[in-house]
Amino acid sequence: MKIEEVIKSTVRLDDDHKIILNIMYTQNLINENFNELLKPYEISGEQYNVLRILRGQKGNPANMSMIQERMIARTSNTTRLVDKLLLKQYVTRKVCPANRRKIEVLITQKGLDILTELDPKLLQHNRSLAKNLSAEEQHQLNTLLEKYRNK
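What comes next concerns the included structure. Nothing here was measured: the structure is a model prediction, and the numbers come from that model.

About the criteria used
- Residues numbered from 1 in each chain as written.
- Predicted model: local features only at pLDDT ≥ 70, side-chain atom pairs only at ≥ 80, totals over all residues.
- Heavy atoms only, no water.
- Salt bridge = Lys/Arg side-chain N within 4 Å of Asp/Glu carboxyl O.
- Helix = DSSP H or I, 4+ residues; strand = E, 2+ residues; numbered from the N terminus.
- Buried < 20%, exposed > 50% of the residue type's maximum accessible area, 1.4 Å probe, protein only.
- Contact = heavy atoms within 4.5 Å.
- Axes fitted to C-alpha atoms, helices over the stretch in contact; angles between N-to-C directions.
- Parallel < 35°, antiparallel > 145°, perpendicular 65-115°, else oblique.
- Nonpolar A, V, L, I, M, F, W, Y, C, P; charged D, E, K, R; others polar.
- 1 Å grid on protein atoms, 1.4 Å probe; cavity = no way out; pocket = protein on both sides within 12 Å on 5 of 7 lines; lining within 4 Å.
- Points joined across faces, edges and corners; volume = space filled by probe spheres on them.
- Core = buried A, V, L, I, M, F, W, Y, C linked by side-chain atoms within 4.5 Å.
- Polar contact = N/O pair within 3.5 Å; in protein donor to acceptor, adjacent residues only side chain to side chain.

1. Considerations on the pattern of salt bridges
Reasoning step 1: Considering all chains together, one arrives at six salt bridges under this definition.
Reasoning step 2: Here Asp 119 and Arg 55 are joined by a salt bridge, their closest N and O atoms 2.8 Å apart. Pair noted here: Asp 119 is in helix H6 (residues 109–129) and Arg 55 is in helix H3 (residues 45–55), with a separation of 64 residues, a long-range link.
Reasoning step 3: Take Asp 119: its relative accessible area is 28%, and that puts it in the partly exposed class.

Laid out in structure tokens, this is it:
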């Protein structure tokens, strides 16, 4: 369905305007589906992102600024997200012995277990969203989005 039909626009939209509307509408659709998937685990998309960043550290601690740099939504309050994950026992936090002003964060086995359980569900989620695109179209879409995003 064309974006004009989705938003019931009665005026002609320029392509640059339609691109933004299409991206925003698609992002909202993806987020709604993603949040539904995470709901039974009582974690947010941002908390999930922190857990994935920490898993990628392969047992090495990450400090708050490193986590913040790797976040998809960089406006997230990393300290608050880590605090919530700490309460759920998905992460541990300690003061860095080399620099007492730094906080080091590690994912726990419980956090790794949640990600292991979520991995196949997210893979299925991603595949279902991309099912109408061929492999070549998926590659082309990624290329175009990266080109569009880079100023």
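2. What to know about the side chain of Gln 57
Reasoning step 1: For Gln 57, the position within the fold is in the loop between H3 and strand S1 (62–63).
Reasoning step 2: Excluding its chain neighbours within four sequence positions, the residues that come into contact with Gln 57 are Ala 62, Met 66 and Arg 70.

3. As for the side chain of His 125
Reasoning step 1: Inspection of the secondary structure assignment puts His 125 in helix H6.
Reasoning step 2: The contact partners of His 125, leaving out residues within four places of it in the chain, are Ile 30, Asn 33, Phe 34 and Leu 37.

4. Some details on the environment of Val 105
Reasoning step 1: The residue Val 105 is located in strand S3 (residues 103–107) in this model.
Reasoning step 2: Between the C-alpha atoms of Val 105 and Glu 42, which are 63 residues apart in sequence, the distance is 20 Å.
Reasoning step 3: Filtering out sequence-adjacent residues up to four positions away, Val 105 remains in contact with Leu 54, Pro 61, Ala 62, Met 64, Ile 67, Val 82, Val 91 and Thr 92.

5. Observations concerning the packing of H3 against helix H5 (residues 78–87)
Reasoning step 1: Remark: H3 packs on H5, axes separated minimally by 10 Å, with the N-to-C direction vectors making an angle of 80 degrees. Classified by the interaxial angle, the pair formed by H3 and H5 is roughly perpendicular. Contacts between H3 and H5 pair Glu 46, Gln 47, Val 50 and Leu 51 from the former with Leu 81, Val 82, Lys 84 and Leu 85 from the latter.
Reasoning step 2: Grouping the amino acids of the contact of H3 with H5 by side-chain chemistry returns five nonpolar, one polar and two charged.

6. Focus: the layout of surface pockets
Empty pockets left among the atoms are what a rolling probe the size of a water molecule brings to light.
Reasoning step 1: What the largest pocket holds in volume is close to 2,600 Å³.
Reasoning step 2: Taken together, 47 residues line the largest pocket, and the ones lying closest to its centre are Ile 23, Thr 26, Gln 27, Ile 30 and Leu 145.
Reasoning step 3: Listed by contribution, the elements that provide at least two residues to the lining of the largest pocket are helix H1 (3–6), helix H2 (15–38), H3, H6 and helix H7 (135–149).
Reasoning step 4: Here the element with the most residues in the lining of the largest pocket is H2; it accounts for 13 residues.
Reasoning step 5: Looking at the lining of the largest pocket residue by residue, the class counts come to 21 nonpolar, 14 polar and twelve charged.

7. Looking at the nonpolar core
Reasoning step 1: Core analysis: the largest hydrophobic core is formed by 25 residues, its most contacted members being Ile 43, Tyr 48, Val 50, Leu 51, Leu 54, Ile 67 and Leu 118.
Reasoning step 2: Every element with two or more residues in this core is listed here: H2, H3, helix H4 (64–70), H5, S3 and H6.
Reasoning step 3: Per element, the largest residue contribution to this core is five residues, and it comes from H3.
Reasoning step 4: Look past the residues within four positions of Val 50 in its chain and what remains in contact with it is Ile 67, Met 71, Leu 81, Val 82 and Leu 85.

8. Brief notes about the environment of Glu 117
Reasoning step 1: Summarising the element assignment, Glu 117 is placed in helix H6.
Reasoning step 2: Considering only alpha carbons, one finds Glu 117 and Tyr 41, 76 residues apart in sequence, at a separation of 9.9 Å.
Reasoning step 3: At 2.9 Å, the side chain of Glu 117 and the side chain of Tyr 41 are in polar contact.

Limitation: the analysis is restricted to geometry and does not speak to function.
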